[in-house]
Amino acid sequence: MNKQKLRFISIGFLLSAVLLAGFQLFYPEALPGSTFNGEATADSTDYQEKYESTLAELELQKQLNEATTSSAPAEGAAVASSAPAETADIAESSAVPAANTPVTFVITSGQPTSVVIDNLVSAGLITDRAVFEQYLNDRNLVTKINIGEYQLSQDMGYEVIADMITLE
């Protein structure tokens, strides 16, 4: 190759690099797989949902294994497991407890906040999932939920339940 051909090739590479950089700068959403603006893509949301459902299934299996080896709950207190709603009927009765009946609510290690909130709804302790989740988000309590057993009842309200299950 002579000098003239090398110059044209290098100018071509330079021009294509400038065009690609300009395109990426002015049209970042047009590139496949680009997360330039910092928003989550549909794929990442889908993976998060799959992860949470898989994690919930594992926790349910763990709780069912523990339930078969542990003793029966104390008399007069209903038991609400923090297991997914579709399988909670296996571990507990489907009847919603009365407003003043204490419910033992269990939160296990590694459970996502969304699963805990869903199980509070299925246990009849809260009525509106979105309002409770917004309450936790507004007060930065989403990451402060503790594992353990809690004596809760329907007449407590969102604030009292949130105070009991969080660090603060």
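Everything numeric here is computed off the predicted structure, so don't read it as measured data.

## Considerations on the overall build of the protein chain
Here is step 1: For the protein chain, the count of helices and strands is six helices and three strands.
Here is step 2: What you see in the protein chain, going N to C, is helices and strands ordered as α-α-β-α-β-α-α-β-α.
Here is step 3: At a minimum sequence separation of 6, the contacts of the protein chain that also span at least 24 residues come to 64%.
Here is step 4: In the form shown here, the protein chain has an accessible surface area of approximately 11,300 Å², with 58% of it arising from carbon and sulfur atoms.

## Here we look at the confidence of the model for the protein chain
Here is step 1: Residue-level pLDDT values for the protein chain average 75, and 70% of them are 70 or greater.
Here is step 2: Note on residues 71-78: pLDDT is under 50 here. Beyond four places in sequence and across chains, it has seven contacts.
Here is step 3: Long-range and interchain partners of residues 81-95, a stretch whose pLDDT sits below 50, account for 28 contacts in this model, where long-range means more than four residues apart.

## Description of the packing of helix 5 (residues 129-138) against helix 6 (residues 158-165)
Here is step 1: Running from N to C, helix 5 and helix 6 point in directions that differ by 55°, and their axes come no closer than 11 Å. On the basis of the axis angle, helix 5 is oblique to helix 6. As helix 5 packs across helix 6, the resulting crossing turns out to be right-handed. Residues Val131, Phe132, Tyr135 and Leu136 of helix 5 lie in contact with helix 6, whose contacting residues are Tyr158, Glu159, Ile161, Ala162 and Ile165.
Here is step 2: Of the residues in the contact of helix 5 with helix 6, the class split is eight nonpolar, no polar and one charged.

## Regarding the side chain of Ser114
Here is step 1: Its location among the elements puts Ser114 in helix 4 (residues 113-122).
Here is step 2: For Ser114, the residues in contact, after removing those within four places along its chain, are Glu52 and Arg129.

## Quick notes on the packing of helix 4 against helix 5
Here is step 1: Close contact between helix 4 and helix 5 brings their axes to 10 Å; oriented N to C, the two are set at 135°. Judged by the inter-axis angle, helix 4 sits oblique to helix 5. Here helix 4 and helix 5 pass one another in a crossing that is right-handed. Within the contact between the two elements, helix 4 uses Thr113, Ser114, Ile117, Asp118, Leu120 and Val121 and helix 5 uses Arg129, Phe132, Glu133 and Leu136.
Here is step 2: Broken down by class, the residue content of the contact of helix 4 with helix 5 amounts to five nonpolar, two polar and three charged.

## A look at the nonpolar core
Here is step 1: Formed by 20 residues in total, the largest nonpolar core has its most connected members in Leu120, Leu125 and Phe132.
Here is step 2: Those elements that provide at least two residues to this core are strand 2 (103-107), helix 4, helix 5, strand 3 (148-152) and helix 6.
Here is step 3: The greatest single-element share of this core, amounting to four residues, is contributed by helix 6.
Here is step 4: When sequence neighbours within four positions are dropped, the list of residues in contact with Phe132 reads Ile117, Leu120, Ile126, Tyr158, Ile161, Ala162 and Ile165.

## Considerations on the pattern of salt bridges
Here is step 1: Evaluated as defined, the whole model comprises two salt bridges.
Here is step 2: Residue Asp118 is joined to Arg129 by a salt bridge in which the shortest nitrogen-to-oxygen separation is 2.5 Å. On the criterion of sequence distance, the pair formed by Asp118 in helix 4 and Arg129 in helix 5 is long-range, its members being 11 residues apart.
Here is step 3: With relative accessibility at 33%, the residue Asp118 sits in the partly exposed group.
Here is step 4: Under the relative-accessibility criterion, Arg129 is labelled partly exposed at 26%.
Here is step 5: The salt bridge involving Arg129 is made with Glu133; its shortest N-O contact spans 2.6 Å. Here the residue Arg129 and the residue Glu133 both occupy positions in helix 5, the gap between them amounting to four residues, near one helical turn.
Here is step 6: A residue is classified by how much of its surface remains accessible, and Glu133, at 29% relative accessible area, is partly exposed.
Here is step 7: Sharing partners across several salt bridges, the network here consists of Asp118, Arg129 and Glu133.

So, how was this worked out
In this numbering scheme, every chain counts its residues from 1 along its sequence in written order. Local features in a predicted model are, by the rule used here, given only for residues with pLDDT of at least 70; side-chain atom pairs are given and counted only at 80 or more, and totals for whole chains, interfaces and linings are based on all residues. Calculation of side-chain values draws on the structure's entire complement of heavy atoms; hydrogens and water are dropped beforehand. Think of it this way: any DSSP run of H or I at least four residues long counts as a helix, any run of E at least two long counts as a strand, and we number them from the N terminus. Residue contacts are counted whenever heavy atoms from the two residues lie within 4.5 Å of one another. The protein chains shown are the only cover counted for residues, whose accessible areas, like all others here, come from Shrake-Rupley with a 1.4 Å probe. For every residue, the predictor reports its confidence as pLDDT, a number between 0 and 100. To define axes, lines are fitted to C-alpha atoms, for helices over the stretch in contact only, and angles between the resulting N-to-C directions are given on a 0 to 180 degree scale. Roughly parallel refers to an angle under 35 degrees, roughly antiparallel to one over 145, roughly perpendicular to one between 65 and 115, and oblique to any angle outside these ranges. Here a crossing is taken to be left-handed if its near helix is turned anticlockwise relative to the far helix by less than a right angle, and right-handed if that turn runs clockwise. Note on residue categories: nonpolar means Ala, Val, Leu, Ile, Met, Phe, Trp, Tyr, Cys or Pro, charged means Asp, Glu, Lys or Arg, and polar means any other residue, Gly included. Take the buried Ala, Val, Leu, Ile, Met, Phe, Trp, Tyr and Cys residues and link them wherever side-chain atoms come within 4.5 Å; each set so joined is a nonpolar core. Only protein chains enter the accessibility calculation, which uses a 1.4 Å probe. A residue is then buried if its area is under 20% of the maximum for its type, exposed if over 50%, and partly exposed in between. Counted as salt bridges are all cases of a side-chain nitrogen of Lys or Arg within 4 Å of a carboxyl oxygen of Asp or Glu.

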